[in-house]
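Residue strings, one per chain:
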Protein chains: 2
Amino acid sequence: MAYKTDIEIAREAKKRPIMEIGAKLGIPSEHLLPYGHDKAKVSQPFIASLADRKNGKLVLVTAINPTPAGEGKTTTTVGLGDGLNRIGKNAVICIREASLGPNFGMKGGAAGGGYAQVVPMEEMNLHFTGDFHAITSAHNLLSAMIDNHIYWGNELDIDARRVVWRRVMDMNDRALRDVVVNLGGVANGFPRQTGFDITVASEVMAILCLSNDLEDLQKRLGDIVVAYRRDKSPIYCRDIKADGAMTVLLKDAMQPNLVQTLENNPAFVHGGPFANIAHGCNSVIATKTALKLADYVVTEAGFGADLGAEKFMNIKCRKAGLAPDAVVLVATVRAMKMNGGVAKADLGAENVEAVQKGCPNLGRHIGNVKSFGVPVVVAINHFVTDTDAEVQAVKDYVASQGSEAILCKHWAHGSAGVEELSHKVVELAESGAANFTPSYPDDMPLMKKIETIAAKIYHADGVIADNAVHAQLQAWEEAGYGHLPVCMAKTQYSFSTDPNLRGAPTGFSVPVREVRLSAGAGFIVAICGEIMTMPGLPRMPSAEVIRLNADGDVEGLF
Amino acid sequence: MAYKTDIEIAREAKKRPIMEIGAKLGIPSEHLLPYGHDKAKVSQPFIASLADRKNGKLVLVTAINPTPAGEGKTTTTVGLGDGLNRIGKNAVICIREASLGPNFGMKGGAAGGGYAQVVPMEEMNLHFTGDFHAITSAHNLLSAMIDNHIYWGNELDIDARRVVWRRVMDMNDRALRDVVVNLGGVANGFPRQTGFDITVASEVMAILCLSNDLEDLQKRLGDIVVAYRRDKSPIYCRDIKADGAMTVLLKDAMQPNLVQTLENNPAFVHGGPFANIAHGCNSVIATKTALKLADYVVTEAGFGADLGAEKFMNIKCRKAGLAPDAVVLVATVRAMKMNGGVAKADLGAENVEAVQKGCPNLGRHIGNVKSFGVPVVVAINHFVTDTDAEVQAVKDYVASQGSEAILCKHWAHGSAGVEELSHKVVELAESGAANFTPSYPDDMPLMKKIETIAAKIYHADGVIADNAVHAQLQAWEEAGYGHLPVCMAKTQYSFSTDPNLRGAPTGFSVPVREVRLSAGAGFIVAICGEIMTMPGLPRMPSAEVIRLNADGDVEGLF
């Protein structure tokens, strides 16, 4: 049997006008700002008018540690959203926007897959509604104003060696990682070394995704630490007077984007912060708006539950005052097998033993999610090569952990394949069992917060950090940043910092190599390994084959 | 009497839904891609469907050499468009898009002024429909792919010292003018010196504005010369295989943007190439689409007629197969006075003698426009301080040159102030007097083309260029580029290359310092002075005061 590709399915979508999708949610057309006929932003006044409504239930979709086999977290998020609508619930999906740059490196794109997708797929993987371009502009305006300030006399006494604010571009361009700017003599400024990150790594992105409204956005932008003086006292974005103009550049980007699933159910696709040096969740404003408009909001977080769900809980929910009602943990038979030691090439053959051997990775995530006080169900995202015995092995294992695993076939059948999971999610969310508790209180010392995550979530023996890291954390505590949560930047492939340690490893420590302050976003980043903030293009970038075909459709992007 | 500011007037605009404006032109709503409720792009299939319709009349609005007094070329373009509609003609305005970056330097913005404006003003001066962001992305994708090609082994044998393709950003950022990239060791590439230009200076911008359709766009992108080998043989964008992906990034940007005037008449605002190193006109696709939809199309070109109208005629019209039916030459009493030697501070006092003394600048432009075989009328853009005697002095002078000057009060009165000019333009355009002839034939040698422009348009004694320039032009002729037109990059303030030489100077030569090949855009650039392709911010950038006010309106941008 031949299967259609994601893009073939997406192109066959019977999209409804976006105004009609908005009407389903009760958004009047004058409060939907269209971008074409299939995308729209929700207006600020409309969002403000919802303040007094009660919230729907919040469901987080997270996953085991990712493997090259693929888990289908977004696919399951979309499928569950459609499934809840199918069983008569009013549900909205909230996912992240895609970054443009990486699509020109490796074939990528897509928002979901099979019959569980969000459309329009091409636009969502290209410029979409321009949010990331606005973030790029706002970020780089601040950069230009910093160098301009130094150029015109440096009244703020910025130490040019300590400008920590770099520039960004939504492009995989390794040539820009490390650059010298201001060359060319008197008219061009004072040469200094700096670099570019990809736009999704910008603190502006994290700020936009954590802000409640435009006022909060401007305050947080003002809080960004851009540089230090010789005496190491900080200089803020506010001192450069860039926060107002940055807010103007971001005023439309701050509004959530409404699109639809293949089954014409509403989806907010908004924001896309890195899941390592940032928190990897869609925007707070989209999630909060969705909660006012729907009975169920299904959202996802980046990477596996050790990173994504942990940050969703400890950063996004804590700071935004959100509390999830249920968690869906996505696993696949194939990923269990890889965790059990099978190579990707051998995934096609039945291997129940390997499935059983890999299950402890899933088990640890189940326990971790429960530690936040939120009920959890496992979704087995079905692949056509999965055998009944393998699926049963996962179910049995999950049952032994006191939870339930449900086989889901949304990839092949859309909402019809995910009814059982949908009913289970409703049951959990309505049970009142959730009693959300973050992993640590605000007032815990910063290093202790890192240690708590390492112990509770990673199950590590301890944290290793040199004196400079300890001293820096202490300095930030003295400067008033001690109440911030910690954003862990660690490999997504393992509970440990060694990407090759699959399963549920023990007997390891977590080395913290560096800490960074994201004062505007409102977290401390603990860097526990190589973190690449500007990707490069591969030897044969997919850009070489991306083109318009004779019908005007995009080829090569997917 | 207190006058309202442009932004106050713009905010009072009674905008009609953009679908209604499109309907006036016969564009079905499914072929208008909305961006909010007041901006839309016209679909590719709709434009293709117009091919067999006959064209309306094309009217160019140009001006004398700009002075700090302001001439009001865009204001007159908008006013005339409204005026033609007022007298019962079906007219469309075609103007350029604004660049985002410079708005954060000096207060700027606006599209027209007073009661002759195009709206929505804020959006047009911020991200608008994202065209410039798309151009930035397409340009920088090519840049990344060039460095990536070198990184992975440099199969094309690019001489890293001869990469001529730089990067762009839509920002005034002098720190990026001259940079070293690829620092940081083996993983980041081979260090080399390069720089950033502002996006409007990108050859991609010029290409987009000169392309007939997406196929033509991709071909021209492929033609870009990005680098040379050691043997000086060229390497094209096509060799890097970036042309397909760049076209994908530009597919929406290629579609003309429809907005409206304060009087709810249609305006296409599309493209914005530099008027020095590029040709400074709105897009060919917008102009051609407008000609199919309206009886009259009023468009403008950058700077004064010596640069703007010359390039409009010799580059845009020649290459796009367009022929203007009439030209409106905008002048002001104030600008005539400045050309006559009056300082800006003294412009308020009546000075008929100075007006008369400055008129030869206007006279030379009149003669130049006539040399293209197109009938011309002078529009005196009225300022409230102008006296009757001063206005009469201009009228008398223009009559002595065999043309007519008409006083226009569109700034104060909108279309009601520009009826006389509108009738005159109709008379000229319908007279059949136009017999468009470019200044030089395609097959003239490149240096001879430069000399022809210098003689016919600037009235210079000759052109000075060293042997390297002559040799380069000859090399390009041998490489098959001899048929291209020449794009002059010269100060806009004078017919000469000395910005202080106002009026109608004689006895000067034109030094050509450098020549550049824009093989994709399809012209040779002759650089006759300092050309800044990346502006800087001033000591007090307007970004410092740009902000959202309590009503959510943008303050400080205008």
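Chain A is annotated in an unreviewed UniProt entry as Formate--tetrahydrofolate ligase from Pseudorhodobacter turbinis. UniProt, in the comment section headed Pathway (unreviewed entry), describes chain A in these words: "One-carbon metabolism; tetrahydrofolate interconversion."

Each helix and strand in chain A was counted, giving 19 helices and 25 strands. Across its three principal directions, the C-alpha atoms of chain A cover 70 × 55 × 50 Å. With 558 residues in all, chain A has 64% of them scored as buried. Residue pairs in contact within chain A that sit at least 24 positions apart in sequence constitute 75% of those at least 6 positions apart.

Moving on: the pairing of strand 11 (residues 225-228) of chain B. For a regular strand, side chains alternate in direction, first toward one face of the sheet and then toward the other. Residues and elements named next belong to chain B. Direction of pairing for strand 11 relative to strand 12 (residues 234-236): antiparallel, over a ladder of three bridges. Bridging across to strand 12, A227 finds its partner in I235. Hairpin remark: strand 11 followed by strand 12, antiparallel, with five residues in the connecting loop; positive phi at K232, about 70 degrees.

Time to look at the confidence of the model for chain A. Confidence in the prediction for chain A averages 96 pLDDT; 99% of positions are at 70 or higher. Two summary scores accompany this predicted model of the complex, namely pTM at 0.97 and ipTM at 0.97.

As a further point, take helix 6 (residues 131-151) of chain A. All names here are of chain A. Between its terminal C-alpha atoms helix 6 stretches 30 Å, which fits the 30 Å expected from 21 residues at 1.5 Å a residue. For helix 6, the tally of buried residues reaches 20 of 21 residues, placing the bulk of the element in the interior. G153 sits one or two residues past helix 6 and shows a positive phi near 125 degrees.

Moving on: the UniProt feature "binding site: ATP" (unreviewed entry) in chain A. Residue and element names in this part refer to chain A. Within this numbering scheme, the UniProt entry marks T67, P68, A69, G70, E71, G72, K73 and T74 as carrying the feature "binding site: ATP" (unreviewed entry). The topology assignment puts T67 in the loop between strand 3 (57-63) and helix 4 (73-86). Note on T67: relative accessible area 8%, which makes it buried. When neighbours within four sequence positions are excluded, T67 is seen to be in contact with A335, M338, N339 and R502. A distance of 3.0 Å separates a polar atom in the side chain of T67 from a polar atom in the side chain of E71.

What follows deals with the sheet that holds strand 22 (residues 514-518) of chain B. Residue and element names in this part refer to chain B. Strand order in the open sheet formed by three strands is 20-23-22, with mixed pairing between adjacent strands. Edge strands, defined here as strands with exactly one partner in the open sheet, are strand 20 (486-489) and strand 22. Direction aside, neighbouring strands of the sheet carry axes that sit 25 degrees apart on average. The pairing of strand 22 with strand 23 (residues 523-527) spans five bridges and is antiparallel. Of the residues in strand 23, the one forming a bridge with E514 is I527. Against the sheet, helix 18 (residues 446-458) contacts strand 20 and strand 23, and its axis sits at roughly 55 degrees relative to strand 20.

What follows concerns the domain arrangement of chain A. All names here are of chain A. With domains assigned, chain A is organised as domain 1 (6-28 + 42-129 + 257-430), domain 2 (131-250) and domain 3 (446-528). Taken together, both faces of the contact between domain 1 and domain 3 bury some 2,100 Å²; the carbon and sulfur share is 61%. The tally of links from domain 1 across to domain 3 stands at one salt bridge. Across the salt bridge formed by D306 and K490, the nearest N and O atoms sit 2.9 Å from each other. For the pair domain 1 and domain 3, the number of links is 10 residue pairs in polar contact (both at pLDDT 80 or more). Taken together, the elements giving at least two residues each to the side of domain 1 that touches domain 3 come down to helix 12 (305-320), helix 13 (333-339) and helix 14 (352-371). Looking at the side of domain 1 that touches domain 3, the element that brings in the most residues is helix 12, giving eight residues. The residue makeup of the side of domain 1 that touches domain 3, split by class, is 10 nonpolar, 10 polar and six charged.

In this structure the tally under the stated criterion is six cavities of 30 Å³ or more. When residues of the lining of the largest cavity are traced back to their parent elements, those giving at least two are helix 6 and strand 7 (167-169) of chain A together with helix 6 (131-151) and strand 7 (167-169) of chain B. Taken together, the residues of the lining of the largest cavity sort by class into five nonpolar, eight polar and two charged.

Moving on: the side chain of B:N314. All names here are of chain B. Here N314 is to be found in helix 12 (residues 308-320). In this structure N314 comes out as buried when scored by relative accessible area, which is 0%. When residues no more than four places from it in sequence are discounted, the contact partners of N314 are F372, P438, S439, Y440 and P485.

Right, let's talk about the packing of aromatic side chains for a bit. By the definition in use, this model includes five aromatic pairs over all chains. An angle of 55 degrees between the planes, with centres 5.5 Å apart, marks the rings of B:Y3 and B:W411 as tilted. Of this pair, B:Y3 sits in the segment before helix 1 (6-11) while B:W411 sits in helix 16 (residues 410-413), and the two are 408 residues apart along the sequence. Looking at B:Y3, the relative accessible area reads 40%, which means it is partly exposed. Seen from the ring of A:Y151, B:R174 lies directly overhead, with NZ or CZ sitting 3.7 Å from the centre. The residue whose ring lies beneath B:K490 is B:Y458, and the NZ or CZ to ring-centre distance is 4.7 Å.

A separate point is the sheet that holds strand 23 (residues 523-527) of chain A. All names here are of chain A. Read across the sheet, three strands follow the order 20-23-22 without closing on themselves; strand pairing throughout is mixed. Pairing within the sheet leaves two strands with one partner each, and these edge strands are strand 20 (486-489) and strand 22 (514-518). Each strand axis lies, on average, 25 degrees off the axis of its neighbour in the sheet, ignoring direction. Against the sheet, helix 12 contacts strand 20 and strand 23, and its axis sits at roughly 170 degrees relative to strand 20. Packed on one face of the sheet, helix 18 (residues 446-458) meets strand 20 and strand 23 and runs near 55 degrees to strand 20.

Moving on, we get to the relation of the copies chain B and chain A. The transformation that overlays chain B on chain A combines an axial shift of 0.0 Å with a rotation of 180 degrees, and the residual RMSD is 0.0 Å. On this basis, the relationship between the two copies can be described by a two-fold rotation axis. Comparing interface residues between copies, 100% of those in chain B also sit at the interface in chain A, which points to an isologous, same-surface contact.

Residues and elements named next belong to chain B. Direction vectors running N to C along helix 7 (residues 203-210) and helix 8 (residues 214-223) enclose 150 degrees, while the axes themselves pass 9 Å from each other. The pairing of helix 7 with helix 8 is recorded here as roughly antiparallel in orientation. At the point where helix 7 passes helix 8, the crossing takes the right-handed sense. For the pair formed by helix 7 and helix 8, the contact residues are V204, I207, L208 and L210 on the first element and D216, L217, R220 and L221 on the second.

The next point concerns the state of the cysteines. In this structure the tally under the stated criterion is zero disulfides over all chains. The closest cysteine sulfur to the non-disulfide-bonded A:C281 is located on A:C317, 7.6 Å from its own sulfur. Classification of A:C281 as buried rests on a relative accessible area of 0%. Counting only cysteine sulfurs, B:C281 is the nearest neighbor of B:C209, a cysteine outside any disulfide, at a range of 8.6 Å. For B:C209, a relative accessible area of 0% gives the class buried.

Residue and element names in this part refer to chain A. With their axes 9 Å apart at the nearest point, helix 8 (residues 214-223) and helix 10 (residues 243-250) run at an angle of 135 degrees to one another. Relative to helix 10, the element helix 8 lies oblique. For the pair helix 8 and helix 10, the sense of crossing is right-handed. Facing L214, L217, Q218, L221 and G222 of helix 8, the residues of helix 10 in contact are D243, G244, M246, T247 and L250. Looking at side-chain class alone, the contact of helix 8 with helix 10 contains five nonpolar, four polar and one charged residues.

What follows deals with the interface of chain B and chain A. Interface extent is often summarised as the accessible area lost during association of the parts. Each partner contributes to the interface: chain B provides 65 residues, whereas chain A provides 65 residues. For the chain B and chain A pair, buried surface summed over both sides reaches about 5,500 Å², with 67% attributable to carbon and sulfur atoms. For the chain B face of the interface with chain A, the top three residues by lost area are B:W152, B:R174 and B:V248, together amounting to 11%. The interface formed by chain B and chain A contains two salt bridges. Here A:D173 makes a salt bridge to B:R167, at a shortest N to O gap of 2.8 Å. In this structure, the connection of chain B to chain A is made through 30 residue pairs in polar contact (both at pLDDT 80 or more). Mapped by element, the contributors of at least two residues to the side of chain B that touches chain A are strand 1 (32-34), helix 6, strand 7, strand 8 (179-181), helix 10 (243-250) and strand 24 (547-548) of chain B. Counting residues per element, the side of chain B that touches chain A draws most heavily on helix 6 of chain B, at 10 residues. Along the lines of polarity and charge, the residues of the side of chain B that touches chain A split into 37 nonpolar, 15 polar and 13 charged.

Conventions we followed
Residues numbered from 1 in each chain as written. Chains lettered and ligands numbered in written order. Predicted model: local features only at pLDDT ≥ 70, side-chain atom pairs only at ≥ 80, totals over all residues. Heavy atoms only, no water. UniProt positions renumbered as here; feature names shortened; annotations may be inferred. Helix = DSSP H or I, 4+ residues; strand = E, 2+ residues; numbered from the N terminus. Buried < 20%, exposed > 50% of the residue type's maximum accessible area, 1.4 Å probe, protein only. Contact = heavy atoms within 4.5 Å. Pairing = 2+ DSSP bridges. pLDDT = per-residue confidence, 0-100. Expected span 1.5 Å × (residues − 1). Polar contact = N/O pair within 3.5 Å; in protein donor to acceptor, adjacent residues only side chain to side chain. Axes fitted to C-alpha atoms, helices over the stretch in contact; angles between N-to-C directions. Domains from an automatic or database assignment. Buried area = accessible area lost by both parts, 1.4 Å probe. Salt bridge = Lys/Arg side-chain N within 4 Å of Asp/Glu carboxyl O. Nonpolar A, V, L, I, M, F, W, Y, C, P; charged D, E, K, R; others polar. 1 Å grid on protein atoms, 1.4 Å probe; cavity = no way out; pocket = protein on both sides within 12 Å on 5 of 7 lines; lining within 4 Å. Points joined across faces, edges and corners; volume = space filled by probe spheres on them. Phe/Tyr/Trp six-rings, centres within 6.5 Å; stacked < 30°, edge-to-face > 60°. Lys NZ or Arg CZ within 6 Å of the ring centre and 35° of its normal. Least-squares fit on C-alpha atoms with pLDDT ≥ 70 in both. Parallel < 35°, antiparallel > 145°, perpendicular 65-115°, else oblique. Left-handed = near helix turned anticlockwise from the far one by under 90°. Disulfide = S-S within 2.5 Å.

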